[in-house]
Amino acid sequence: MRHLANNISSTKRKGVHTSREPAEKEDMSLIRNIGILAHIDAGKTTTTERMLYYTGFSTHLGEVHHGDTVMDYMEQERARGITISSAAITLHWNKYKINLIDTPGHVDFTVEVERCLRVLDGAVVVLDSSAGVEAQTKTVWRQADKYSIPRIIYLNKMDKPGASVEKCLTSLKEKLNVEPLLLHLPIGKEANFAGIVDLITLKKFVWNLEKSPDGRSFSTENLTAADTLVDYHEILQARTNLIGQLSEYDGELGEMILTYQKIEDIPANAISKAVRKVAIDQKCVPVFCGSSLKNKGVQPLMDAVTHYLPSPLDSTYSFADFYGSDLCALAFKIIHDKQRGALTFLRLYSGSLKSGESSYNINRDCTEKTSRLLQVYANEYHDTTSVTAGNIACVSGLKEIITGDTLTNSKSTALSAATKYHTKMNITDVEADKNNNNLAILAGFEVPSPVFFCSIEPPSLAAQKHLDNALSCLQREDPSLTVEVNEETGQTILMGMGELHLDIIKQRIQEEYRIAVDIGPPQVAYRETITCNTELEESLEKIIGGKEQNVTMMLSIKQDTSTPKFKHVTLELSHEKPLHRHIKRDQLAAVNNGVKSALMCGTLLNFPVIDVCVELHSFTAGYNTSSAMISACASQCIHKLLKQSDPVLLEPMMALTITTDEDRLHGVLGDLSKRRSHIRNVEATDNDKIIDALTPLAELMGYSTTLRTITSGTATFSMEFSHYEKMTLHDQNLVVKKVTGFMPL
């Protein structure tokens, strides 16, 4: 969600004022929190722009290729013709309120999709009907599966050469392993696509762009056997298949098949009710079709959103139960507005929030007061007095909050929720301390590890403060952006999800913050791990301020691929002298801090250490020993253990999908073999070959330019992070030499 460009200020919705009635009067069953998901260039933003236009929000049809869309407001988005940051808008369709989020399709910005899915109740997945399921489609589908979000599918670009409903249905079954429920059939093929047939109502919707170029007006007629545009018997057969599919999941509909002699006599509302049930239960996925660019099929899609996707009342969130009627809200996005400062976007799962009310941030352990409560309408912000559960709202005035934090009414409310959680899960106080699980906070969302990094420098020392402020703001907005300072060189290091990601961050700093920064070349973010298990006892003694401080501990480090990121030290289970009974909470926290600090810098090239677990076997500390002393001892012990454990480098592997024609297939495969690629599959489609490969990220620097050269610009590719893989000794030595300038002995 974000603040949008000022050039659409003339598109204000009629009847929306600077303040709104209290939200208590809202009917939650009429709210839809939905997202638009797809592979890049499938038509997400174009579809969203049509929705804005047909609901009366905007007065013009924004086009991505013209750079005048409402949802893509950033200069980089308009110049590149892609969505970079998720945009949100509240619109009204018939009696329903739709909070709509348009998300990016490029792999570098999947964290935008991830954090928006965390707060949605349903999603529309847009497919290019000539391509079917593509690489990024599978990625966003997996992300939606993680949060169990009901989905409907929209087959866009039905006017495009090669568009095929059958091909799309096949790819949905084979690539996503879902059961598609076809509710629309196209009228006409490719360039002759004129409209759709609704199999539930047995009505046809035909758009005549000569009479209504913007597609706002279209004809709706009941189908008859005498219809010339479609094959009536084919439509009835498709309806029979649809009802047959539904009857497997809905017993009432199965009985109706026996009651009614003709398939066309089965009531549309009974079928629609069954479709809604299987869609929300995620047994099947309803499929619709249209052409957003040609202004055909969008209105029926919006009807489908209100009919078949769930309201907040239909969605259950286990964590919200622990808060009862108290406030439980997730901050899923933060933006920085030049006039309003930091704006935090919240999804309320329970309770309500009033303007000017204080709230407790569980993650930051602080209480803050909201200065203003706003409803977002694209580039417009409207004051509102209160917001209730099920809604998405915007708050100004919160200074400590960051993306992923949870808000509730007070600290006592948070502790009460934590108590209920621990009671239900049978978690003891010791286990809660050990797992740092003292409060029942929201699950938030996972931020993937950065795979690229580069140095960034201000034009002068005087600009360093402004650069630090810009990077701080950008980090609050974008959790996938990481900023670190190299202690040895003093350089500021920028880490992100890809070359495009870092390039756009650079442009934003230059254009939005007016700082002429210098960016170093992108480099690969390797990881380190161990190849053997070791244990060590370490002691540390010092006299500080006239007081003797001493600590002794025994730690062991082991290989553990089940937990890629280190979370906490595990305590050795001993019946003679249980550690958890004599080690204090603050001492255990200090050990954890020391271990985490040591694992952030490996012994080979100072890259983070992953796929390990650390166990504490024994611990003794003097009465006056400080937490800093304990952390230093733990860190020192881990550094020694890492050197003894035969460390190795891990390199990021990318899942690469390339689409090319058969004539250039051998050239592409030959180039991949030089890049240490593992070819997993080569799939044949009607006219193209689709290559599925695993390739080291280090070998993909500037790959888009090489691929264009090999294929004369005819091939396309996409990639996403797959996993970290152990390097061979030869390849590892080459990386060490490249980074340090010396070949290891």
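Owing to the predicted nature of the structure, the values given are computational and were not obtained by experimental measurement. Numbering of residues begins from 1 in every chain and follows the order in which that chain's sequence is written. Residues qualify for local features only when their pLDDT is at least 70, as the model is predicted, and side-chain atom pairs are given and counted only at 80 or more; totals for whole chains, interfaces and linings, by contrast, use all residues. Side-chain metrics rest on all non-hydrogen atoms present in the structure, leaving aside hydrogens and water.

Bringing the pattern of salt bridges into the picture now. Here, a salt bridge means any side-chain nitrogen of Lys or Arg that lies within 4 Å of a carboxyl oxygen of Asp or Glu. Tallied over the full model, the rule gives 21 salt bridges. With its nearest N and O atoms 3.0 Å apart, the salt bridge here joins Arg508 to Glu477. With a gap of 31 residues between them, Arg508 in helix α14 (residues 499–512) and Glu477 in helix α13 (residues 464–477) connect regions that are remote in the sequence. For the pair formed by Arg508 and Glu477, the shared burial category is buried. For the purposes of this entry, the term helix denotes a DSSP run of H or I that reaches at least four residues, the term strand denotes a run of E that reaches at least two, and both are numbered from the N terminus. Working definition: with a 1.4 Å probe on protein chains only, accessible area under 20% of the residue-type maximum means buried, over 50% means exposed, and in between means partly exposed.

Now for the sheet that holds strand β32 (residues 612–621). To summarise the sheet geometry, strands pair through backbone hydrogen bonds and adopt either a parallel or an antiparallel arrangement. In space, the four strands of this open sheet follow the order β29-β30-β32-β31, with mixed pairing throughout. Only two strands of the sheet have a single partner each, and these edge strands are β29 (534–544) and β31 (570–571). In terms of strand pairing, β31 meets β32 through two bridges, oriented parallel. Following the sheet pairing, Thr570 is matched in β32 by Glu615. On top of the sheet, helix α17 (residues 627–644) reaches β29, β30 (547–559) and β32; it is set at about 145° to β29, its chief contact. When DSSP finds at least two bridges between two strands, those strands are taken to pair. Note on contacts: a residue pair qualifies if any of its non-hydrogen atoms lie within 4.5 Å across the two residues. Interaxial angle, 0 to 180 degrees, is taken between N-to-C directions of lines fitted to C-alpha atoms, where a helix line uses only the stretch in contact.

Our focus in this paragraph is helix α4 (residues 135–146). Working rule for helices: expected span equals 1.5 Å times residues minus one. A rise of 1.5 Å per residue sets the reference length of α4, with its twelve residues, at 16 Å; its end C-alpha atoms lie 17 Å apart and thus fit the reference within 8%. Listed as buried for α4 are Ala135, Gln136, Thr137, Thr139, Val140, Trp141, Gln143 and Ala144. With its phi angle positive at about 50°, Ser148 sits one or two positions after the end of α4.

Residues with a pLDDT of 70 or more make up 87% of the protein, whose mean pLDDT is 84. The predictor rates its confidence in each residue with pLDDT, a number between 0 and 100. Predicted confidence for residues 1–24 stays below pLDDT 50, and this span has 75 contacts to residues more than four positions away or in other chains. The low-confidence segment residues 434–438, where pLDDT is below 50, has 13 contacts with residues more than four positions distant or belonging to other chains.

Turning to the packing of helix α16 (residues 585–599) against α17, a few remarks are in order. Interaxial distance between α16 and α17 falls to 7 Å at its minimum, and their mutual angle equals 40°. It follows from the interaxial angle that α16 and α17 lie oblique. Like other packed secondary-structure pairs, α16 and α17 cross with a definite hand, here right-handed. On the side of α16, the interface is formed by Asp586, Gln587, Ala590, Val591, Asn593, Gly594, Val595, Ala598 and Leu599, while α17 contributes Ser627, Ile630, Ser631, Ala634, Ser635, Ile638, His639 and Leu642. When an angle is under 35 degrees it counts as roughly parallel; over 145 it counts as roughly antiparallel; between 65 and 115 it counts as roughly perpendicular; any other value is oblique. Throughout, a crossing is termed right-handed when the near helix is turned clockwise from the far one, and left-handed when it is turned anticlockwise from it by less than a right angle.

Our focus in this paragraph is the environment of Leu536. Relative to the elements of secondary structure, Leu536 occurs in strand β29. Distance from Leu536 to His617, taken between C-alpha atoms, is 9.7 Å for residues 81 residues apart in sequence.

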